[in-house]
Every structure is written in structure tokens, then in C-alpha cells.
Amino acid sequence: QVQLVESGGGLVQAGGSLRLSCAASGGIFSINGMGWYRQAPGKQREKVAAFTSGGGRNYADSVKGRFTISRDDAKNTVYLQMNSLKPEDTAVYYCTARRNYDGYIYWGQGAQVTVSS
């Protein structure tokens, strides 16, 4: 069973930066395509950034140029560097990982990010 544990959320002023981390454990060789989703109050969950199966990266239009997804394979950890944060980036951010043989998606517990104006 894969476990995903996020850290690094918090409160920041508009224009500031935060970095989220997601540590994966348990059955990590069965997963690929790790990424980040977010859900703001009253809104649907949306994909923010993710690694593709080919090792590339894709981003939501709303975060392009401001957010960067990266990973440290030695630590089984994925990061989301968030710069130039805006109040509309306020949401719970979830780390995800896709099971490679059937596409099942694992979810982390979520990390709250709050951006004040």
C-alpha cells in the first residue's frame, strides 16, 4: 500500500513563496506520474502540476510560470515550488500518484495553503 505524506503548507502573503513536499512510501515501484491537485472552498478539485509517464511536466494554465514541480528520486519525494502566490491559490493541495498497472490514483491527506491579500 502506497502512502503519500505532504508537508510545507501554511499562510503566506500575496507575492510570497511556499514549497510543498510529498514523501512516498510503501510499494513505490508500482507508481508513476506523481503530481499535485488542489481544491479551493466551493470549487471542484483541479490538477495543478504533474509528471507525465514520459518524464515530462505539465501545468494548469493558472500556475504556469509561477509553480514548478520537481522530484528527488533518491528520497522518493516530489516537490511543488510555488512563487508569486495569489489569494486565488488558496486551497488544500493534494499529492497524487498513479498505480502503473491499472491507473488507480493514490491521494495524500492534503496540505492547506492560504494566501492573504
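Preceding this paragraph is the structure being described.
Residues numbered from 1 in each chain as written. Predicted model: local features only at pLDDT ≥ 70, side-chain atom pairs only at ≥ 80, totals over all residues. Heavy atoms only, no water.

**With respect to the overall build of the protein**
When helices and strands are counted, the protein shows 0 helices and 11 strands. Secondary structure of the protein in N-to-C order comes out as β-β-β-β-β-β-β-β-β-β-β. Relative to the globule expectation of 13 Å for 117 residues, the C-alpha radius of gyration of the protein, 14 Å, shows essentially globular dimensions. C-alpha extents for the protein along the principal axes are approximately 45 × 25 × 25 Å. (Helix = DSSP H or I, 4+ residues; strand = E, 2+ residues; numbered from the N terminus. Rg over C-alpha atoms; globule rule 2.2 N^0.38 Å.)

**Here's the deal with the nonpolar core**
Ranked by internal contacts, the top residues of the largest apolar core, which has 30 residues, are L4, M34, W36, L80, M82 and Y93. Of all the secondary-structure elements, those providing two or more residues to this core are β3 (18–25), β4 (31–39), β5 (46–51), β7 (67–72), β8 (77–82), β9 (91–99) and β11 (111–116). (Core = buried A, V, L, I, M, F, W, Y, C linked by side-chain atoms within 4.5 Å. Buried < 20%, exposed > 50% of the residue type's maximum accessible area, 1.4 Å probe, protein only.)

**Side note on the state of the cysteines**
Counted by the stated rule, this structure contains 1 disulfide. Covalent S-S linkage joins C22 and C95, the inter-sulfur distance amounting to 2.0 Å. Handedness of the C22-C95 disulfide follows from its S-S torsion of about -80 degrees: it is left-handed. Here C22, found in strand β3, pairs with C95, found in strand β9; they are 73 residues apart in sequence, far enough to count as distant. (Disulfide = S-S within 2.5 Å.)

**Examining the side chain of S21**
If you trace the backbone, S21 turns up in strand β3. Contact partners of S21, with chain neighbours within four places excluded, come to V5, E6, S7, W36, T77, V78 and Y79. (Contact = heavy atoms within 4.5 Å.)

**A closer look at the sheet that holds β8**
The strand order across the open sheet built from 4 strands is β1-β3-β8-β7, with neighbouring strands paired in antiparallel fashion. Both outer strands of the open sheet, β1 (3–7) and β7, are each paired with one neighbouring strand and no more. The sheet shows a mean angle of 20 degrees between the axes of neighbouring strands, taken without regard to direction. The pairing of β1 with β3 spans 5 bridges and is antiparallel. Along β3, the bridge assignment pairs Q3 with S25. (Pairing = 2+ DSSP bridges. Axes fitted to C-alpha atoms, helices over the stretch in contact; angles between N-to-C directions.)

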